[in-house]
2 protein chains.
Amino acid sequence: MDLELEKAIDEQNQEAVIEFTNRFQPYDLAKMLAELDHADRITLLSMLSVQLGAEVLEYLEPELQYRIFNRMQDSLTSALLNEMSSDAVVDMLLAIHPHQAKKLMEFLPTDYRDKINTLMNFPPDSAGSLVTVDYIAARISWTVDQALQHVRKIGRKAEIVSYIYVIGTHGELVGVVSLKEIILAEPGTKLEAIIKGDVVSVPGDMHQEEVADILAKYDLVAIPVVAPDNRMIGIITVDDLIDVINEEATEDFQKMGGSQPLSEPYFKNSIWGLFRKRIVWLLILFVAEAYTGTVLRHYEDTLSQQIALSFFVPLLIGTGGNTGSQTVTTLVRALAVGEVTFHDMFRVLWKEVSTGILLGFTMGVIAFVRAMFLGVNFEIGSVVAVTAVFIVIWASVVAAFLPMILHKLKIDPAVVSGPFITTLVDGTGLIIYFTMAKIMLHL
Amino acid sequence: MDLELEKAIDEQNQEAVIEFTNRFQPYDLAKMLAELDHADRITLLSMLSVQLGAEVLEYLEPELQYRIFNRMQDSLTSALLNEMSSDAVVDMLLAIHPHQAKKLMEFLPTDYRDKINTLMNFPPDSAGSLVTVDYIAARISWTVDQALQHVRKIGRKAEIVSYIYVIGTHGELVGVVSLKEIILAEPGTKLEAIIKGDVVSVPGDMHQEEVADILAKYDLVAIPVVAPDNRMIGIITVDDLIDVINEEATEDFQKMGGSQPLSEPYFKNSIWGLFRKRIVWLLILFVAEAYTGTVLRHYEDTLSQQIALSFFVPLLIGTGGNTGSQTVTTLVRALAVGEVTFHDMFRVLWKEVSTGILLGFTMGVIAFVRAMFLGVNFEIGSVVAVTAVFIVIWASVVAAFLPMILHKLKIDPAVVSGPFITTLVDGTGLIIYFTMAKIMLHL
């Protein structure tokens, strides 16, 4: 909590507040505001310009935004709510109770309320859920000068003015022109003459991860979202897509660790919440792993005759699991960022099997050395070495094959997590081990 | 390969080429160009406007860029090279042989060459390595109108015109103003009156991941990079930082899978390259896992007396490993995105231990049920159940503690990969298991 700011607020010294807030970014001011007591928060917002106040509000959690609006004078609520970018408004309205949302929406003019209602109907994680309607549109018949006047008129609320979207007679998106080009062009030039017609746009129901990929590919700062009839719904700005990229990577991380992804930042999850996200996969993996007990009981006689075989069980299946984990994480990520697709199946298998063979023989030699050091006889050492070769190759093949197949079946390949592949290799690896032992030791 | 494009090029039909290229984004044109034969690539580039040609070139691999320049007429090389954004030029020059780089740099005017030389000296992965010098700077003494005229004059080559950076009398960065604000302001207004003085900037030697975090936090489209005396080196644009975010996540993925990160996209790695990245950790983990053999040999007598104990070895250590893997991936990611820091140590431990206790008791019950189904006696079933409880809790504690400590020691917490924690829990888990067995079975 900043004492200087608190003092200025308590003294109702607007000049000092403004002087203070000028020194910080809206993001930082939002952090400070969150730490003030509730009355001070509202006083602070009433002292800031509506534009800065709205920007600061946008960085707060939806619940806190609502609590602030709930205690504020109606005139200020109305001003701030109409100034906030529409994606932030939609996020807040979706997070609070429908009754509360309805009350707040009464502060919006009818046509804006309709737009907000449309946006609220897009499913979470869709392009539509990230849309802001605060973009600049121009008519195809306008001149550069008309467009620039339009920017001057409505540009203040626009989230991004880098692009001006050009609309045809039926409201359909026909092209885009950058503000840079508008400024560089002669004032009398028709927009028609300078627009780029091959505008990259996405439908409202596209998954947000795909939108982020497209934006990254074409190096855009914003991307227009269109309805099936090509009319513009709004735009998605790059800052929201950066958040999407980070969230999706975090989700994939958690999946690859063998857990259901957390939908909230770490500390927002209760102990009970963490438990529920983790226990599901722990149980699935336990059931799959339980198979190893059946395998080992099946080979009980072999084990009793050669108890030394048991010394190498964790080492061999562990090495297989590690190899599988390396391959699967590399491929799941390569599939997620589009470096690899299903068409590359055979190239991937070839690469992984070849690498697996190299790794297998290396680990075979090392395993033999380790067995000798542990003082077992030459025969058991040989079984361990040969098993190491086969387990490593086997793990590479399975770990390369499964994510590719799942990707083809439109199932998220991250289901094949490190723990999943480790578990799979454990049971099958034991079968390889004891089969080798029976053959090579004539048991 | 596009036949329509190829035909137009072969017929030297510039009009058809331009009509064709107008329908695509530079990114898509770069893909098509890469598939043309070498002579056609050069013909195509000679037919495009210098601006579009340079944009297309920027999407190609450095080696291909160089091969194209190498075969081109000097006048075209000079035009395109000077039009390309400076970060793309630096990337290319660093990727090719110094002799080749020197030859190409002769096409650049002296002062630009000096700037490029400075940028080439920044280490890879630093802010400086991503800098482009194609930004717009204005003097603090200028009016809005002067600034706008300046944008008109030099804006064409600028990578981003959304922000205009305001420079003081000694070339130091004193503020920033958005193009939007310049357009909205009265022409005669002094820049001084509308600039934001609290400009977010980064030093050239800051790690690129940290720069990306700052940009994401403040929702910026570009961020200025400054020398220690606060003079501007250049800017980093959001598109380059999106690439950084994706690359860093990919690296962390590969590390968490227990492999050294690949520095190239998947298919660019040879089999031998993949082998070398993987064998290092496989060997380290093997040596660590080899310890399990020593533990098992130590308990050889216990094992011989109760061979059924061996049935549960993979199941128990596997469950411990899975729990550890869940915790460690969640925390390593939370540390990477800054959701958790070292100061949260005790909150994290508390959360993980509590969750671990819940998970442990659940798995203990399930393990007991499984043991009974496998037909072992009640005593062994109890040992398995109690061990499951302790192993799960133990794995949670270790997996929570280690990444936090490494983060504090400024070692990348991703070193504690899933396979690493699994290996660690394997050996220690066996000790827990046999200690329990000896106590509870009075062996």
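Computed from a prediction, not measured in an experiment: that's the story for all the values here.

**A word on the overall build of chain A**
Working step 1: In terms of helices and strands, chain A carries 21 helices and 6 strands.
Working step 2: Taking 22 Å as the expected radius of gyration for a compact globule of 443 residues, we find that chain A reaches 30 Å, considerably beyond that expectation.
Working step 3: Residues counted as buried form 58% of the 443 residues belonging to chain A.
Working step 4: When contacts within chain A are restricted to residue pairs at least 6 apart in sequence, long-range pairs at least 24 apart make up 67% of them.
Working step 5: Accessible surface computed for chain A: about 18,500 Å², of which carbon and sulfur atoms make up 57%.
Working step 6: Of the charged side chains in chain A, 33 are positive and 54 negative, and the gap between their average positions amounts to 3 Å.

**Description of the relation of the copies chain B and chain A**
Working step 1: Superposition of chain B onto chain A requires a rotation of 180 degrees combined with a translation of 0.0 Å along the rotation axis, giving an RMSD of 0.1 Å. The relationship between the two copies is best expressed as a two-fold rotation axis.
Working step 2: Comparing interface residues between copies, 100% of those in chain B also sit at the interface in chain A, which points to an isologous, same-surface contact.

**As for the domain arrangement of chain A**
Residues and elements named next belong to chain A.
Working step 1: Each assigned domain of chain A is listed here: domain 1 (3–120), domain 2 (137–237) and domain 3 (266–440).
Working step 2: Listed by partner, the interface residues are 8 residues for domain 1 and 4 residues for domain 2.
Working step 3: For the pairing of domain 1 and domain 2, the buried interface totals around 490 Å² over both sides, and the portion due to carbon and sulfur atoms is 39%.
Working step 4: It is Gln51, Glu83 and Ser85 that lose the most area in domain 1 upon contact with domain 2, and together they represent 59% of the buried surface on that side.
Working step 5: The interface formed by domain 1 and domain 2 includes 0 salt bridges.
Working step 6: Here domain 1 and domain 2 share 0 residue pairs in polar contact (both at pLDDT 80 or more) between them.
Working step 7: Residue assignment for the side of domain 1 that touches domain 2 shows that the elements contributing at least two residues are α7 (74–83) and α10 (110–120).

**Examining the packing of helix α19 (residues 345–373) of chain B against helix α20 (residues 378–408) of chain B**
Residues and elements named next belong to chain B.
Working step 1: At their nearest, the axes of α19 and α20 sit 7 Å apart, and the two run at 155 degrees to each other. Our classification of the angle between α19 and α20 gives roughly antiparallel. Our pair here, α19 against α20, has a crossing hand that is right-handed.
Working step 2: The class makeup of the residues in the contact of α19 with α20 is 24 nonpolar, 6 polar and 1 charged.

**Section: the environment of Val287(B)**
Residues and elements named next belong to chain B.
Working step 1: By the secondary structure assignment, valine 287 is in helix α16 (residues 271–298).
Working step 2: The exposure class of valine 287 is exposed, given its relative accessible area of 61%.
Working step 3: In the structure, valine 287 is positioned 136 residues away from threonine 423 in sequence and 9.8 Å away in space, judged by C-alpha atoms.

**A few points about the pairing of strand β2 (residues 163–167) of chain A**
Residues and elements named next belong to chain A.
Working step 1: When you tally the buried positions in β2, you get 5 out of 5 residues, the bulk of the element.
Working step 2: Along β2, one buried face is formed by Tyr163, Tyr165 and Ile167 and the opposite face, lined by Ile164 and Val166, is buried too.
Working step 3: Two elements, strand β1 (residues 137–139) and β2, share 3 bridges in a ladder whose sense is parallel. Paired with alanine 137 across the bridge in β2 is tyrosine 165.

**Considerations on the sheet that holds strand β5 (residues 222–226) of chain B**
Residues and elements named next belong to chain B.
Working step 1: Strand order in the open sheet made by the 3 strands is β4-β5-β6, with mixed pairing throughout. Whereas interior strands pair on both sides, the edge strands pair on one side only; in this sheet they are β4 (202–203) and β6 (232–237).
Working step 2: Bridge analysis of β4 against β5 gives 2 bridges, and the strand direction is parallel. Within the sheet, the bridge partner assigned to proline 203 lies in β5 and is valine 226.
Working step 3: Strand contacts of helix α14 (residues 208–218): β4, β5 and β6, with the helix running at about 135 degrees to β5, the strand carrying the most contacts.
Working step 4: Here helix α15 (residues 238–256) sits on the sheet in contact with β5 and β6, set at roughly 65 degrees to β6.

**A look at unusual backbone geometry**
Residues and elements named next belong to chain A.
Working step 1: Phi angles above zero are rare outside glycine, and aspartate 219 is one such case at about 55 degrees.
Working step 2: Unlike most non-glycine residues, asparagine 230 shows phi in positive territory, near 70 degrees.
Working step 3: Assignment of secondary structure puts asparagine 230 in the loop between β5 (222–226) and β6 (232–237).

**Thoughts on a nonpolar patch on the surface**
Working step 1: On the surface, Val365(B), Ile366(B), Val369(B) and Phe373(B) cluster together to form a nonpolar patch covering roughly 380 Å² of accessible area.
Working step 2: Within the secondary structure, Phe373(B) is located in helix α19.

**A closer look at helix α2 (residues 14–21) of chain B**
Every α-helical turn comprises 3.6 residues, leaving residues that sit three or four positions apart pointing alike.
All names here are of chain B.
Working step 1: Restricting attention to buried positions, one finds in α2 the residues Val17, Phe20 and Thr21. The arc enclosing the buried residues of α2, seen along the axis, measures out at 90 degrees, which places them on a common side.
Working step 2: Buried-residue contacts for α2 involve α1 (3–10), α3 (26–35), α4 (38–47) and α5 (50–58).

**Points about the interface of chain B and chain A**
Working step 1: With 111 residues of chain B at the interface, the matching set in chain A holds 111 residues.
Working step 2: Note on chain B versus chain A: buried area summed over both sides is about 10,500 Å², and carbon and sulfur give 67% of it.
Working step 3: Among the residues chain B hides against chain A, the three largest losses belong to Phe253(B), Phe267(B) and Phe286(B). Together they make up 8% of the total.
Working step 4: Between chain B and chain A we count 2 salt bridges in total.
Working step 5: Between Glu352(A) and Arg278(B) there is a salt bridge, with its nearest N and O atoms 2.7 Å apart.
Working step 6: It is α16(B) that provides the largest number of residues to the side of chain B that touches chain A, a total of 18 residues.
Working step 7: Across the side of chain B that touches chain A, the residue classes break down as 59 nonpolar, 30 polar and 22 charged.

**Looking at the sheet that holds strand β1 (residues 137–139) of chain B**
All names here are of chain B.
Working step 1: Sheet architecture is open: 3 strands sit in the order β1-β2-β3, paired in mixed fashion. Taken across any chain shown, the strands that pair with only one partner, and hence form the sheet edges, are β1 and β3 (173–178). Each strand axis lies, on average, 35 degrees off the axis of its neighbour in the sheet, ignoring direction.
Working step 2: Examined bridge by bridge, strand β2 (residues 163–167) and β3 share 5 bridges and lie antiparallel to one another.

**A short note on the side chain of Thr21(B)**
Working step 1: With respect to the secondary-structure elements, Thr21(B) resides in helix α2.
Working step 2: For Thr21(B), the residues in contact, after removing those within four places along its chain, are Leu29(B), Leu44(B), Leu48(B) and Leu52(B).

**Some details on the packing of aromatic side chains**
Working step 1: Across all of its chains, the model carries 25 aromatic pairs over all chains by this definition.
Working step 2: Summarising the aromatic geometry, the rings of Trp272(B) and Phe275(B) are spaced 5.3 Å apart at their centres and angled 20 degrees between planes, so their arrangement reads as stacked. With Trp272(B) and Phe275(B) both in helix α16, this residue pair falls 3 residues apart, about one helical turn.
Working step 3: One aromatic cluster is present, built from ring pairs that chain together Tyr27(A), Tyr59(A) and Tyr218(B).
Working step 4: Over the ring of Phe267(B) we find Arg347(A); its NZ or CZ atom is 3.7 Å from the centre of that ring.

Reading guide: rules and limits
Residues numbered from 1 in each chain as written. Chains lettered and ligands numbered in written order. Predicted model: local features only at pLDDT ≥ 70, side-chain atom pairs only at ≥ 80, totals over all residues. Heavy atoms only, no water. Helix = DSSP H or I, 4+ residues; strand = E, 2+ residues; numbered from the N terminus. Rg over C-alpha atoms; globule rule 2.2 N^0.38 Å. Buried < 20%, exposed > 50% of the residue type's maximum accessible area, 1.4 Å probe, protein only. Contact = heavy atoms within 4.5 Å. Areas by Shrake-Rupley, 256 points an atom, 1.4 Å probe, with all protein chains shown as cover. Lys, Arg positive; Asp, Glu negative; His and termini not counted. Charge placed at Lys NZ, Arg CZ, Asp CG, Glu CD. Least-squares fit on C-alpha atoms with pLDDT ≥ 70 in both. Domains from an automatic or database assignment. Buried area = accessible area lost by both parts, 1.4 Å probe. Salt bridge = Lys/Arg side-chain N within 4 Å of Asp/Glu carboxyl O. Polar contact = N/O pair within 3.5 Å; in protein donor to acceptor, adjacent residues only side chain to side chain. Axes fitted to C-alpha atoms, helices over the stretch in contact; angles between N-to-C directions. Parallel < 35°, antiparallel > 145°, perpendicular 65-115°, else oblique. Left-handed = near helix turned anticlockwise from the far one by under 90°. Nonpolar A, V, L, I, M, F, W, Y, C, P; charged D, E, K, R; others polar. Pairing = 2+ DSSP bridges. Patch = residues over 30% accessible without salt bridge, like charges linked within 9 Å, V, L, I, M, F, W, Y side chains within 5 Å. Arc of directions from axis to C-beta. Phe/Tyr/Trp six-rings, centres within 6.5 Å; stacked < 30°, edge-to-face > 60°. Lys NZ or Arg CZ within 6 Å of the ring centre and 35° of its normal.

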